[in-house]
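Tertiary structure, described
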Amino acid sequence: MTDIDLKGRLALVSGASRGIGRALALELAKAGAHVIATARTQGALEELDDAIKAAGGTTTLVPMDLMSEDGIEQLGQIVTDRWGKLDIMIANAGALGELTPAAQVKAKTWQNVLGVNLVAPARMIRAFEGPLLSSDAGRAVFISSGAASSRRAFWAPYAAAKSGLDALAQSWAAEHVNSPSLRINVVYPGAMRTRMRAKAFPGEDPNSLPEPAALWPLVAELVGPDCARHGEIVRFEG
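This structure is a prediction, so every number in the text was calculated from the model and none was measured.

With respect to burial, helix α8 (residues 216-223) is a largely interior element, six of its eight residues being buried. The inward-facing, buried residues of α8 contact α1 (19-30), β4 (88-91), β5 (139-143), β6 (183-188) and β7 (233-235).

So, on to the nonpolar core. Leu6, Leu28, Ile90, Leu215, Trp216 and Val223 are the most contacted members of the largest nonpolar core, which totals 35 residues. For this core, the elements supplying multiple residues, two or more each, are β1 (10-14), α1, β2 (34-39), α2 (42-54), β4, β5 and α8.

The next point concerns the sheet that holds β1. Here seven strands make up an open sheet; going across it, the order is β3-β2-β1-β4-β5-β6-β7 and the pairing parallel. Looking along the sheet, the strands with just one partner apiece sit at the ends: β3 (58-63) and β7. Across the sheet, the mean angle separating the axes of adjacent strands is 20° when strand polarity is ignored. Examined bridge by bridge, β4 and β5 share four bridges and lie parallel to one another. Bridge pairing in β5 links Ile88 to Arg139. Of the strands in this sheet, β1, β2, β3, β4 and β5 are in contact with α1, which crosses β1 at around 170°.

This part takes up α1. In a regular helix each residue adds 1.5 Å, so twelve residues correspond to 16 Å; α1 covers 17 Å between its end C-alpha atoms and thus fits that length. Counting buried residues along α1, nine of its twelve residues qualify, which places the element largely inside the surrounding structure. Among all positions of α1, only Ile20, Gly21, Ala23, Leu24, Ala25, Leu26, Glu27, Leu28 and Ala29 are buried. Immediately beyond the C-terminal end of α1, within one or two residues, lies Gly32, with a positive phi of roughly 110°.

The next point concerns the packing of aromatic side chains. Using the criterion set out here, one finds three aromatic pairs in the structure. Summarising the aromatic geometry, the rings of Phe142 and Trp172 are spaced 6.0 Å apart at their centres and angled 85° between planes, so their arrangement reads as edge-to-face. On the criterion of sequence distance, the pair formed by Phe142 in strand β5 and Trp172 in helix α6 (residues 156-175) is long-range, its members being 30 residues apart. Given a relative accessible area of 3%, Trp172 falls into the buried group. Centroid distance Trp155 to Phe201: 5.8 Å. Interplanar angle 40°. Geometry classified as tilted. In this pair, Trp155 sits in the loop between α5 (147-150) and α6 while Phe201 sits in the loop between α7 (195-200) and α8, placing the two residues 46 residues apart along the sequence. Under the relative-accessibility criterion, Phe201 is labelled partly exposed at 23%. Taken together, the aromatic side chains of Trp155, Tyr158 and Phe201 make up a single cluster linked through ring pairs. The ring of Trp155 carries the charged tip of Arg152 above its face, separated from the ring centre by 5.2 Å.

Attention now goes to the packing of α1 against α8. Contact geometry for α1 and α8: axes closest at 11 Å, N-to-C directions at 60°. Taken as axis vectors, α1 and α8 run oblique relative to one another. For α1 against α8, the interelement crossing comes out right-handed. Along its contact with α1, which presents Leu24, Glu27 and Leu28, the element α8 presents Trp216, Val219 and Val223. Grouping the amino acids of the contact of α1 with α8 by side-chain chemistry returns five nonpolar, no polar and one charged.

Quick notes on the rules
Counting from 1, residues in each chain are numbered in the order their sequence is written. Local features in this predicted model are restricted to residues whose pLDDT is 70 or higher, and side-chain atom pairs enter the listing and the counts only when it is 80 or higher, whereas totals over whole chains, interfaces and linings include all residues. Values shown for side chains rest on all heavy atoms present in the structure; no hydrogens or waters enter the calculation. Only protein chains enter the area calculation, which uses a 1.4 Å probe; residues under 20% of their type maximum are buried, those over 50% are exposed, and those in between are partly exposed. Numbering of helices and strands starts at the N terminus; helices are DSSP runs of H or I of at least 4 residues and strands are runs of E of at least 2. We call two residues contacting when some pair of their heavy atoms lies within 4.5 Å. The definition of a nonpolar core used throughout is a set of buried Ala, Val, Leu, Ile, Met, Phe, Trp, Tyr and Cys residues joined through side-chain atoms within 4.5 Å. Strands were regarded as paired on the criterion that DSSP finds at least two bridges between them. Lines fitted to the C-alpha atoms define the axes, with helices restricted to the stretch that makes contact. Angles between their N-to-C directions range from 0 to 180 degrees. To estimate how far a helix should extend, the number of its residues minus one is multiplied by 1.5 Å. When the centres of two rings from Phe, Tyr and Trp lie within 6.5 Å, Trp using its six-membered ring, the rings pair. Their planes under 30 degrees apart give stacked, over 60 give edge-to-face, and anything left gives tilted. Look at NZ for Lys and CZ for Arg. If either is within 6 Å of the ring centre and within 35 degrees of the ring normal, a charge sits over the ring. Working definition: roughly parallel below 35 degrees, roughly antiparallel above 145 degrees, roughly perpendicular at 65 to 115 degrees, and oblique for all remaining angles. Here is the rule for handedness: rotate from the far helix to the near one, and if that takes an anticlockwise turn smaller than a right angle the crossing is left-handed, while a clockwise turn gives right-handed. Here the nonpolar group is Ala, Val, Leu, Ile, Met, Phe, Trp, Tyr, Cys and Pro; Asp, Glu, Lys and Arg are the charged ones; every other residue, Gly included, is treated as polar.

Worth remembering: the numbers are spatial, not functional.
Shown next, in the form of structure tokens:
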């Protein structure tokens with residue numbers, strides 16, 4: 001599904017400055033959604049804004065560190081006050097940390113990896129559940145990872161965080177199993193041509209991997225008003 005019409009819909013994407021988040025923000029805008037793009041890097045967000053405008057779309061840039069004390073909650077209030085609803089939430093921002101034996105992982109690394117991958121999405125749920133329920137078709141998509149289930153050696157912080165994210169999202173989905181309008185799902189993108197993937201597998205040829213935009217048809221299905229899937233972990237098979 002690539003010809004989805006999202007005109008008049010409001011989408012929020014975290015980690016939108018590069019990789020999967022940037023690609024999805026751009027595709028959402030091309031489909032007609034107004035995109036609230038959040039990331040830490042102002043310059044990269046401005047480049048995304050240029051690309052969205054060139055494609056005929058619109059965006060609101062929100063430079064923000066998800067680890068800040070109350071940034072997510074403040075954004076939730078702004079969305080509620082300004083728009084009164086949120087149609088699409090894509091929790092994409094991630095942190096790999098260091099690939100090292102579990103016994104050698106420092107507390108600061110644990111705090112950052114768990115904070116970005118798990119605690120920030122939990123805070124997003126608290127901040128945006130109300131606006132999502134105010135939509136006629138609220139859609140939440142969490143970008144997770146196969147590391148949540150493979151749990152390979154030296155990946156303890158990332159694997160633990162993504163396992164927790166899956167549990168968080170599916171538990172939240174179970175709370176809304178009878179909701180007439182809210183759909184919540186998890187996506188495993190697999191190997192993609194991103195900076196995080198290159199950091200994890202430095203010897204891999206990035207040209208052998210799909211571009212992040214290849215994920216869009218799958219995500220488009222999950223964020224569209226007609227989506228019936230709920231509480232699933234959906235794997236990209238590209």
